[in-house]
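Notes for the structure review
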Amino acid sequence: MKVLVYQVVPELDQKEILFRDLACAIKAGDGRVPSEIYECIYSGELPATDPEQVFVTCNGEHPEGYRGHSLSVSDVVEFQYETGERKFFFCDSWGFPVVAFDANKAMRQISNHDYQYVQEYRRMVTVYFMTADGLQNRFCESLLFSRCRYSRSRLGCRLECQSYGGTEPQIYVFEEFPRVIVTESVTVFPEKHLYELENMENGLLRFPLDDSRNLDIVCEWLKDSNYKYEELTVQNK
(Lines give C-alpha, C1' and ligand atoms only; values in the text may rest on other atoms or scores of the structure.)
Protein backbone atom coordinates (compact mmCIF):
# COMPACT_ATOMS: atom_id res chain seq x y z
CA MET A 1 0.00 0.00 0.00
CA LYS A 2 1.26 3.48 -0.86
CA VAL A 3 1.20 5.42 2.40
CA LEU A 4 1.87 9.08 3.12
CA VAL A 5 2.11 10.68 6.54
CA TYR A 6 1.49 14.37 7.22
CA GLN A 7 2.41 16.26 10.39
CA VAL A 8 1.75 19.79 11.63
CA VAL A 9 4.57 22.30 11.06
CA PRO A 10 5.05 24.04 14.45
CA GLU A 11 6.16 27.35 12.87
CA LEU A 12 2.77 27.54 11.11
CA ASP A 13 0.70 26.22 14.02
CA GLN A 14 -0.73 29.51 15.24
CA LYS A 15 -3.82 27.89 16.75
CA GLU A 16 -1.87 25.14 18.51
CA ILE A 17 -3.40 21.97 17.09
CA LEU A 18 -0.20 19.89 17.20
CA PHE A 19 -0.83 16.72 19.26
CA ARG A 20 -4.47 17.71 19.78
CA ASP A 21 -7.62 15.89 18.70
CA LEU A 22 -9.78 16.19 15.60
CA ALA A 23 -12.26 18.56 17.23
CA CYS A 24 -9.46 21.08 17.83
CA ALA A 25 -8.17 20.72 14.27
CA ILE A 26 -11.62 21.25 12.75
CA LYS A 27 -12.25 24.28 14.95
CA ALA A 28 -8.90 25.78 13.94
CA GLY A 29 -9.62 25.14 10.26
CA ASP A 30 -13.16 26.56 10.29
CA GLY A 31 -14.81 23.19 9.80
CA ARG A 32 -11.95 21.28 8.11
CA VAL A 33 -8.48 19.93 8.86
CA PRO A 34 -6.14 22.83 7.85
CA SER A 35 -3.86 20.96 5.43
CA GLU A 36 -1.91 24.13 4.58
CA ILE A 37 -0.08 23.92 7.94
CA TYR A 38 0.89 20.27 7.41
CA GLU A 39 4.07 18.82 5.97
CA CYS A 40 4.48 15.47 4.19
CA ILE A 41 7.13 13.68 6.25
CA TYR A 42 6.85 10.22 4.68
CA SER A 43 5.86 8.69 1.37
CA GLY A 44 6.45 5.03 0.62
CA GLU A 45 5.17 1.48 0.44
CA LEU A 46 4.11 -0.21 3.68
CA PRO A 47 2.57 -3.65 4.31
CA ALA A 48 -0.56 -2.11 5.81
CA THR A 49 -4.27 -2.33 5.12
CA ASP A 50 -5.49 -0.01 7.89
CA PRO A 51 -4.07 3.04 9.70
CA GLU A 52 -3.68 1.14 12.98
CA GLN A 53 -0.97 -0.95 11.31
CA VAL A 54 0.74 2.23 10.13
CA PHE A 55 0.59 3.52 13.72
CA VAL A 56 2.38 0.43 15.01
CA THR A 57 5.03 0.65 12.28
CA CYS A 58 5.67 4.36 12.80
CA ASN A 59 5.92 4.01 16.56
CA GLY A 60 8.59 1.35 16.36
CA GLU A 61 11.51 1.34 13.99
CA HIS A 62 10.62 4.08 11.53
CA PRO A 63 10.55 3.04 7.86
CA GLU A 64 13.32 4.32 5.62
CA GLY A 65 12.67 7.89 4.54
CA TYR A 66 10.48 8.73 7.56
CA ARG A 67 11.47 12.25 8.68
CA GLY A 68 9.16 13.17 11.54
CA HIS A 69 8.18 12.26 15.08
CA SER A 70 6.52 8.94 15.87
CA LEU A 71 2.94 8.85 14.61
CA SER A 72 0.74 10.67 17.08
CA VAL A 73 -2.49 12.61 17.61
CA SER A 74 -3.05 15.35 14.96
CA ASP A 75 -1.11 13.46 12.26
CA VAL A 76 -2.84 12.50 9.01
CA VAL A 77 -2.30 9.20 7.19
CA GLU A 78 -3.07 8.89 3.49
CA PHE A 79 -3.74 5.60 1.70
CA GLN A 80 -3.41 5.53 -2.08
CA TYR A 81 -5.19 2.48 -3.49
CA GLU A 82 -4.42 0.74 -6.79
CA THR A 83 -7.83 1.86 -8.03
CA GLY A 84 -6.68 5.48 -7.78
CA GLU A 85 -8.82 6.16 -4.72
CA ARG A 86 -7.24 8.20 -1.92
CA LYS A 87 -8.35 8.20 1.72
CA PHE A 88 -7.15 10.37 4.58
CA PHE A 89 -7.27 9.22 8.20
CA PHE A 90 -6.84 11.57 11.15
CA CYS A 91 -4.94 10.17 14.14
CA ASP A 92 -7.43 11.10 16.86
CA SER A 93 -7.29 10.54 20.61
CA TRP A 94 -9.11 7.31 19.86
CA GLY A 95 -9.13 5.76 16.40
CA PHE A 96 -8.57 7.04 12.87
CA PRO A 97 -11.68 8.75 11.46
CA VAL A 98 -11.72 9.47 7.72
CA VAL A 99 -11.42 13.20 6.99
CA ALA A 100 -11.37 15.60 4.07
CA PHE A 101 -7.77 16.74 3.51
CA ASP A 102 -6.38 18.80 0.63
CA ALA A 103 -2.95 17.20 0.15
CA ASN A 104 -2.11 19.67 -2.63
CA LYS A 105 -1.89 22.42 -0.01
CA ALA A 106 0.42 20.47 2.29
CA MET A 107 4.17 21.09 2.26
CA ARG A 108 6.12 18.51 0.26
CA GLN A 109 9.58 17.26 1.09
CA ILE A 110 12.33 19.59 -0.14
CA SER A 111 10.66 20.65 -3.40
CA ASN A 112 8.87 23.76 -2.17
CA HIS A 113 10.83 24.71 0.92
CA ASP A 114 11.67 28.34 1.63
CA TYR A 115 15.35 28.82 2.49
CA GLN A 116 15.02 31.92 4.64
CA TYR A 117 15.50 30.43 8.07
CA VAL A 118 19.16 31.32 8.60
CA GLN A 119 20.94 29.30 11.25
CA GLU A 120 24.53 30.45 11.21
CA TYR A 121 26.75 32.90 9.34
CA ARG A 122 30.55 32.88 9.50
CA ARG A 123 33.40 34.69 7.77
CA MET A 124 36.91 33.49 6.97
CA VAL A 125 36.54 29.92 8.23
CA THR A 126 37.38 26.41 7.12
CA VAL A 127 34.33 24.15 7.09
CA TYR A 128 34.20 20.34 7.26
CA PHE A 129 31.10 18.29 6.41
CA MET A 130 30.06 14.99 4.83
CA THR A 131 28.49 14.21 1.46
CA ALA A 132 27.93 10.93 -0.38
CA ASP A 133 31.40 11.49 -1.86
CA GLY A 134 33.01 11.53 1.57
CA LEU A 135 34.63 14.14 3.81
CA GLN A 136 34.58 17.66 2.39
CA ASN A 137 36.54 20.71 3.52
CA ARG A 138 36.33 24.22 2.13
CA PHE A 139 37.95 27.50 3.07
CA CYS A 140 35.17 30.08 2.98
CA GLU A 141 35.38 33.82 2.83
CA SER A 142 31.74 33.63 3.89
CA LEU A 143 29.65 30.67 5.05
CA LEU A 144 25.85 30.68 5.20
CA PHE A 145 24.09 27.74 6.86
CA SER A 146 20.31 27.74 6.53
CA ARG A 147 17.24 25.57 6.55
CA CYS A 148 13.67 25.86 5.42
CA ARG A 149 11.75 28.09 7.82
CA TYR A 150 8.73 25.76 7.65
CA SER A 151 10.32 22.36 8.13
CA ARG A 152 10.34 20.79 11.58
CA SER A 153 11.64 17.43 10.41
CA ARG A 154 15.21 18.51 9.68
CA LEU A 155 14.59 18.75 5.96
CA GLY A 156 15.68 21.43 3.57
CA CYS A 157 19.12 22.29 4.98
CA ARG A 158 21.52 24.25 2.78
CA LEU A 159 25.17 25.22 3.05
CA GLU A 160 26.59 28.06 0.92
CA CYS A 161 30.37 28.37 0.74
CA GLN A 162 31.77 31.49 -0.87
CA SER A 163 35.47 30.97 -1.55
CA TYR A 164 37.96 33.81 -1.59
CA GLY A 165 37.95 35.43 -5.02
CA GLY A 166 35.18 33.12 -6.28
CA THR A 167 32.31 34.44 -8.35
CA GLU A 168 29.54 32.02 -7.34
CA PRO A 169 29.11 30.23 -3.99
CA GLN A 170 29.24 26.45 -3.81
CA ILE A 171 25.85 25.22 -2.62
CA TYR A 172 25.16 21.90 -0.87
CA VAL A 173 21.62 20.73 -0.02
CA PHE A 174 20.95 18.07 2.62
CA GLU A 175 17.85 15.98 3.30
CA GLU A 176 18.80 15.67 6.97
CA PHE A 177 20.38 18.17 9.31
CA PRO A 178 24.12 17.75 8.63
CA ARG A 179 27.09 17.87 10.94
CA VAL A 180 29.08 21.00 10.11
CA ILE A 181 32.44 21.70 11.76
CA VAL A 182 33.99 25.16 11.43
CA THR A 183 37.40 26.45 12.48
CA GLU A 184 39.45 29.58 11.89
CA SER A 185 42.50 27.43 11.22
CA VAL A 186 43.61 27.36 7.58
CA THR A 187 45.92 24.39 8.10
CA VAL A 188 44.98 21.61 5.71
CA PHE A 189 43.67 18.48 7.42
CA PRO A 190 46.14 15.59 6.84
CA GLU A 191 44.08 12.85 5.19
CA LYS A 192 46.49 10.23 6.54
CA HIS A 193 44.48 10.39 9.77
CA LEU A 194 41.58 8.73 7.93
CA TYR A 195 43.60 5.55 7.41
CA GLU A 196 44.54 2.69 9.68
CA LEU A 197 48.12 3.47 10.68
CA GLU A 198 49.33 -0.10 10.32
CA ASN A 199 47.61 -0.48 6.94
CA MET A 200 48.13 2.97 5.45
CA GLU A 201 50.22 1.59 2.58
CA ASN A 202 47.32 -0.69 1.63
CA GLY A 203 44.90 2.24 1.66
CA LEU A 204 42.69 0.77 4.41
CA LEU A 205 40.36 3.44 5.79
CA ARG A 206 39.35 3.51 9.45
CA PHE A 207 35.75 4.15 8.40
CA PRO A 208 33.86 4.17 5.07
CA LEU A 209 34.23 7.35 3.02
CA ASP A 210 30.70 8.59 3.75
CA ASP A 211 30.75 7.68 7.47
CA SER A 212 30.15 10.69 9.73
CA ARG A 213 32.71 9.32 12.18
CA ASN A 214 35.32 10.79 9.85
CA LEU A 215 34.24 14.15 11.26
CA ASP A 216 35.12 12.85 14.73
CA ILE A 217 38.63 12.21 13.40
CA VAL A 218 38.80 15.80 12.17
CA CYS A 219 37.69 17.06 15.59
CA GLU A 220 40.34 14.92 17.30
CA TRP A 221 43.01 16.37 15.01
CA LEU A 222 41.83 19.94 15.61
CA LYS A 223 41.82 19.39 19.36
CA ASP A 224 45.27 17.75 19.40
CA SER A 225 46.59 20.62 17.26
CA ASN A 226 45.12 23.20 19.69
CA TYR A 227 42.89 24.68 16.99
CA LYS A 228 39.57 26.06 18.18
CA TYR A 229 36.50 24.70 16.40
CA GLU A 230 32.75 24.46 16.80
CA GLU A 231 29.97 22.25 15.49
CA LEU A 232 27.07 24.25 14.11
CA THR A 233 23.73 23.15 15.53
CA VAL A 234 20.10 23.90 14.75
CA GLN A 235 18.54 26.86 16.52
CA ASN A 236 14.75 27.09 16.69
CA LYS A 237 13.99 30.77 16.34
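Residues numbered from 1 in each chain as written. Predicted model: local features only at pLDDT ≥ 70, side-chain atom pairs only at ≥ 80, totals over all residues. Heavy atoms only, no water.

**Details of the pattern of salt bridges**
A complete count under the given rule lists seven salt bridges for this structure. E78 is the partner of R86 in a salt bridge, and the nearest nitrogen-oxygen pair spans 2.5 Å. Residue classification places R86 among the partly exposed residues on the basis of a relative accessible area of 38%. Exposure remark for E78: the relative accessible area of 0% places this residue in the buried category. Residues joined in a network through salt bridges with shared partners are R179, D216 and E231. (Salt bridge = Lys/Arg side-chain N within 4 Å of Asp/Glu carboxyl O. Buried < 20%, exposed > 50% of the residue type's maximum accessible area, 1.4 Å probe, protein only.)

**Here we look at the side chain of D75**
Mapped onto the elements, D75 comes out in the loop between α2 (51-57) and β3 (76-80). The exposure class assigned to D75 is buried, which follows from its relative accessible area of 0%. Within polar-contact distance, the side chain of D75 engages the side chain of Q7 at 3.2 Å. From its side chain, D75 meets the backbone nitrogen of S72 in a polar contact 2.8 Å long. Once residues lying within four places of it in the same chain are set aside, the contact partners of D75 are Y6, Q7, Y38, H69, S70, F89, F90 and C91. (Helix = DSSP H or I, 4+ residues; strand = E, 2+ residues; numbered from the N terminus. Polar contact = N/O pair within 3.5 Å; in protein donor to acceptor, adjacent residues only side chain to side chain. Contact = heavy atoms within 4.5 Å.)

**Examining the pairing of strand β1 (residues 2-8)**
Burial analysis of β1 places six of its seven residues in the buried class, the great majority of the element. Pairing geometry for β1 and β3, over five bridges, is antiparallel. Following the sheet pairing, V5 is matched in β3 by V77. (Pairing = 2+ DSSP bridges.)

**Section: the layout of surface pockets**
Taken as a whole, the largest pocket holds about 250 Å³ of empty space. Along its surface, the largest pocket is lined by 13 residues, and M130, F174, E176, F177 and P178 are the ones closest to its centre. Classifying every residue of the lining of the largest pocket by side-chain character gives seven nonpolar, two polar and four charged. In this model, the second largest pocket occupies a volume close to 160 Å³. Around the second largest pocket, the lining residues are G134, L135, Q136, N137, F189, E191, L194, Y195, L205, L209 and N214. If one sorts the elements of the lining of the second largest pocket by residue count, strand β6 (residues 134-147) sits on top with four residues. Residues that form the lining of the second largest pocket fall into these classes: six nonpolar, four polar and one charged. (1 Å grid on protein atoms, 1.4 Å probe; cavity = no way out; pocket = protein on both sides within 12 Å on 5 of 7 lines; lining within 4 Å. Points joined across faces, edges and corners; volume = space filled by probe spheres on them. Nonpolar A, V, L, I, M, F, W, Y, C, P; charged D, E, K, R; others polar.)

**Brief notes about the nonpolar core**
Core analysis: the largest hydrophobic core is formed by 19 residues, its most contacted members being Y6, V33, Y38, V76, F90 and F101. For this core, the secondary structure elements donating two or more residues are β1, α1 (22-28), β2 (38-45) and β4 (86-90). Residues within four places of F101 in sequence aside, it is in contact with Y6, V33, S35, Y38, V76, F88 and A106. (Core = buried A, V, L, I, M, F, W, Y, C linked by side-chain atoms within 4.5 Å.)

**Digging into the pairing of β4**
Working note: regular strand, side chains alternate between the two faces of the sheet. Pairing geometry for β3 and β4, over five bridges, is antiparallel. Looking at the pairing, V76 lines up with F90 of β4. Where β3 hands over to β4, the hairpin turn is made up of five residues, of which G84 adopts a positive phi near 100 degrees.

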